[in-house]
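# Inside the fold
Below are the chains, spelled out letter by letter.
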Amino acid sequence: MNSRKWVRLFLTTLLLGGVLTLVTSFIFKQEAYVDVLQPFQFIELIGLLLFFTGFGFIFSIISQMGFFAYLTVNQFGKGVFRSLWTPVQLFLIAFTLFDLVYFRYQAAEGASLWPFLITALGLFALSLIVAWVKANETNKTAFIPALFFMVVVTTVEWVPALRAGGNDYIWLMIISLFACNAYQLLLLHRLTNEQKATA
């Protein structure tokens, strides 16, 4: 991939992260907007819009770092594990989903198990869809690497928000991260013009 295509990928992903986080902030951070709209404070409103857009840019950059790290790890895994790389990825996917449920539930004293279970299942279901699209547009061997990226790498990128707590920022981050990761994964083979390349 040449520098022009890389810049395109970087800028469009950056824009996606910024816009998506700004839009979702209207849902998950309504109280922040209410504070600057009642009474109306123009400068504070502009500052708030820039703040959430900047957050989205940060989430996008985290996503892009994770994507390029994944490309390296995937090639490394193929070289080291060879035919075992697929089972290793499946194990890591299962462990990550288990971690999303069990360890978060253990850390949240007295909380119900269901929100953590639904979150993990939702991430898995959406990742299956993205991986299926990737495999359908390239070839079948791309399915497991794509699923690995969407589940494992997205979760690793999501860790700072999970540790910080606060449902609003957890949802702001995961929506942006997931969308940016899916966008990069599905755009890669179009940019490289490798219609039959694996992830």
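This report concerns the structure included in the present document. (Residues numbered from 1 in each chain as written. Predicted model: local features only at pLDDT ≥ 70, side-chain atom pairs only at ≥ 80, totals over all residues. Heavy atoms only, no water.)

Evaluation of the coordinates by the stated rule reveals 19 aromatic pairs. One aromatic cluster is present, built from ring pairs that chain together Phe26, Tyr33, Phe51, Phe52, Phe55, Phe59 and Tyr169. Looking at Arg104, its charged tip hangs above the ring of Trp158, at a distance of 5.8 Å from the centre. (Phe/Tyr/Trp six-rings, centres within 6.5 Å; stacked < 30°, edge-to-face > 60°. Lys NZ or Arg CZ within 6 Å of the ring centre and 35° of its normal.)

A word on the nonpolar core. One finds Trp158 and Leu185 to be the most contacted residues of the largest nonpolar core, which totals 41 residues. Listed by contribution, the elements that provide at least two residues to this core are helix 1 (3–28), helix 2 (30–37), helix 3 (42–81), helix 4 (85–107), helix 5 (114–137), helix 6 (143–164) and helix 7 (167–192). When residues of this core are assigned to their parent elements, the largest contribution, 12 residues, is made by helix 7. (Core = buried A, V, L, I, M, F, W, Y, C linked by side-chain atoms within 4.5 Å. Buried < 20%, exposed > 50% of the residue type's maximum accessible area, 1.4 Å probe, protein only. Helix = DSSP H or I, 4+ residues; strand = E, 2+ residues; numbered from the N terminus.)

One pass over the structure, following the stated rule, counts three salt bridges. The residue Lys29 makes a salt bridge to Glu31 at a minimum N-O spacing of 3.5 Å. Judged by relative accessible area, which is 42%, Glu31 ranks as partly exposed. A salt bridge links Lys29 to Asp168; the shortest N-O distance between them is 2.9 Å. Taken as a pair, Lys29 in the loop between helix 1 and helix 2 and Asp168 in helix 7 lie far apart in primary sequence, 139 residues in all. Across the pair, exposure class does not vary: Lys29 and Asp168 are buried alike. Each of Lys29, Glu31 and Asp168 takes part in salt bridges that share partners, so that together they form one network. (Salt bridge = Lys/Arg side-chain N within 4 Å of Asp/Glu carboxyl O.)

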